[in-house]
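Descriptive analysis of the structure
The residues making up each chain are set out below.
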Amino acid sequence: MLEHVLNLGAYLFCIGIFGLITSRNMVRALMCLELVFNAVNINLITFSNSFDTQQKGEIFAIFIIAIAAAEAAIGLAIVLAIYRNKNSTRIDQFNLLKW
Amino acid sequence: MNIIELSEPLHEIIFFLLELGVILGSLGVVLLTNIVYSAFFLGLVFFCISLLYFTLNADFVAAAQILIYVGAVNVLIVFAVMLINKPQSLKLFPSWTIGDKITFLVCLSIFFLLVTIILNTSWSNITLITESKNFFNFDFTQNIQRIGYLLLTQFLLPFELLSMVLLVALIGAIIIARREILIKITEKKKVQIKKNPTIF
């Protein structure tokens, strides 16, 4: 059971990294980032279920969920602002950053 | 040990169905061309992961996952997708470039490395070590009560800092997404319209 869930977390992490690198749309990159966060959460909850008696891993999972919600809000706001200026959301066409 | 007492084959079947949903859904998120479909597949993945938390005895985190991820983040992503994207080509899967193939090979090798490490680690020894230390156990019956107790005693400072982070993210998102430039442009046009009759 433990190895199955850990393998699932590893799979989700790897496919999230793959999508994050290869996606050309910025919203899809944000979605793959959420997949990576979920892989981390699965690992934390599995370990806290198996090895910890006080459920501290669940508290860290709640913290990660809150941080991910804040990150999604900020990221989508940045995507909207860039779309309003450049009229596209393709990552490889951005030359906004001067440094 | 589990809250939901299920027989072993039924547990295996439920876990297999959830794993199938997560695997196919994440493949759909990454590989499909139409981004609206991938947003809905992302909702499927979040829902399956929250059901997986139920089987792992974490009922509070499962409820928080459904509320925050499916209810807030996924709705936000679907909203952004439908505001931004025009419908594109009818092709279901995009063609891969050389960089995509190299990245696929690298991610596949990372995955096999992780799987071999997981399968070669002897987890049973670790469980024996930690269960022997199991003396001072908080005697709360509910999982949620234990989480609330820990949040307000041992993790009080990160909890309050997290509320500050959420407030700052809220204000920052509003300020970034506000259309300031358009307001300036319309003000200039109004000024020009007002100036024009004085010229003639």
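Bringing the overall build of chain A into the picture now. When its secondary structure is counted, chain A shows 3 helices and 0 strands. Secondary structure elements in chain A, listed N-terminal to C-terminal, are α-α-α. In terms of principal-axis extent, the alpha carbons of chain A reach across some 50 × 25 × 20 Å. Within chain A, buried positions represent 60% of all 99 residues. Long-range pairs, those at least 24 residues apart, make up 60% of the contacts in chain A with a sequence separation of at least 6. When the accessible area of chain A is evaluated, it comes to approximately 4,000 Å², of which 66% is carbon and sulfur surface. Averaged over its 7 positive side-chain charges, chain A has a centre that lies 20 Å from the centre of its 6 negative ones.

Opposite the 65 residues of chain A that make contact, chain B presents 79 residues. Buried area between chain A and chain B, both sides added, is near 6,600 Å², and the carbon and sulfur share of it is 76%. Among the residues chain A hides against chain B, the three largest losses belong to F18(A), R28(A) and M31(A). Together they make up 10% of the total. On inspection of chain A and its partner chain B, the count reaches 1 salt bridge. Put simply, R24(A) and D100(B) hold a salt bridge, and the shortest N to O gap is 3.6 Å. On the surface where chain A and chain B come into contact, there are 10 residue pairs in polar contact (both at pLDDT 80 or more). Looking at the side of chain A that touches chain B, the elements with two or more residues in it are α1 (2-22), α2 (26-50) and α3 (56-86) of chain A. With 25 residues, the top contributor of residues to the side of chain A that touches chain B is α3(A).

Now for the packing of α2(A) against helix α3 (residues 59-84) of chain B. The contact between α2(A) and α3(B) brings their axes to 11 Å, and the two run at 170°. In terms of orientation, α2(A) lies roughly antiparallel with respect to α3(B). Listed contacts from α3(B) to V27(A), M31(A), E34(A), F37(A), N38(A), N41(A) and I45(A) of α2(A) are V61(B), Q65(B), Y69(B), V73(B), I77(B), V81(B) and I84(B). In the contact of α2(A) with α3(B), the residues fall into 10 nonpolar, 3 polar and 1 charged.

Turning to the nonpolar core, a few remarks are in order. Counting 65 residues, the largest nonpolar core has V27(A), V61(B) and I77(B) as the members making the most contacts within it. Counting residues per element, the ones that place at least two in this core are α1, α2 and α3 of chain A together with α1 (8-31), α2 (35-55), α3, α4 (98-120) and α6 (143-153) of chain B. The element contributing the most residues to this core is α3(A), with 11 residues.

For the structure on display, the rule yields 12 aromatic pairs over all chains. Relative to F104(B), the ring of F18(A) has its centre 5.8 Å away and its plane inclined at 75°; by these criteria the two rings are edge-to-face. Here F18(A) is found in helix α1, whereas its partner F104(B) is found in helix α4 on a different chain. Assessed through its relative accessible area of 35%, F104(B) is described here as partly exposed. Arranged with centres 5.6 Å apart and planes meeting at 45°, the rings of F47(A) and W123(B) form a pair that is tilted. In this pair, F47(A) sits in helix α2 while W123(B) sits in helix α5 (residues 123-132), so the two residues belong to two different chains. The exposure class assigned to W123(B) is buried, which follows from its relative accessible area of 14%.

Cut-offs used in this document
Residues numbered from 1 in each chain as written. Chains lettered and ligands numbered in written order. Predicted model: local features only at pLDDT ≥ 70, side-chain atom pairs only at ≥ 80, totals over all residues. Heavy atoms only, no water. Helix = DSSP H or I, 4+ residues; strand = E, 2+ residues; numbered from the N terminus. Buried < 20%, exposed > 50% of the residue type's maximum accessible area, 1.4 Å probe, protein only. Contact = heavy atoms within 4.5 Å. Areas by Shrake-Rupley, 256 points an atom, 1.4 Å probe, with all protein chains shown as cover. Lys, Arg positive; Asp, Glu negative; His and termini not counted. Charge placed at Lys NZ, Arg CZ, Asp CG, Glu CD. Buried area = accessible area lost by both parts, 1.4 Å probe. Salt bridge = Lys/Arg side-chain N within 4 Å of Asp/Glu carboxyl O. Polar contact = N/O pair within 3.5 Å; in protein donor to acceptor, adjacent residues only side chain to side chain. Axes fitted to C-alpha atoms, helices over the stretch in contact; angles between N-to-C directions. Parallel < 35°, antiparallel > 145°, perpendicular 65-115°, else oblique. Nonpolar A, V, L, I, M, F, W, Y, C, P; charged D, E, K, R; others polar. Core = buried A, V, L, I, M, F, W, Y, C linked by side-chain atoms within 4.5 Å. Phe/Tyr/Trp six-rings, centres within 6.5 Å; stacked < 30°, edge-to-face > 60°.

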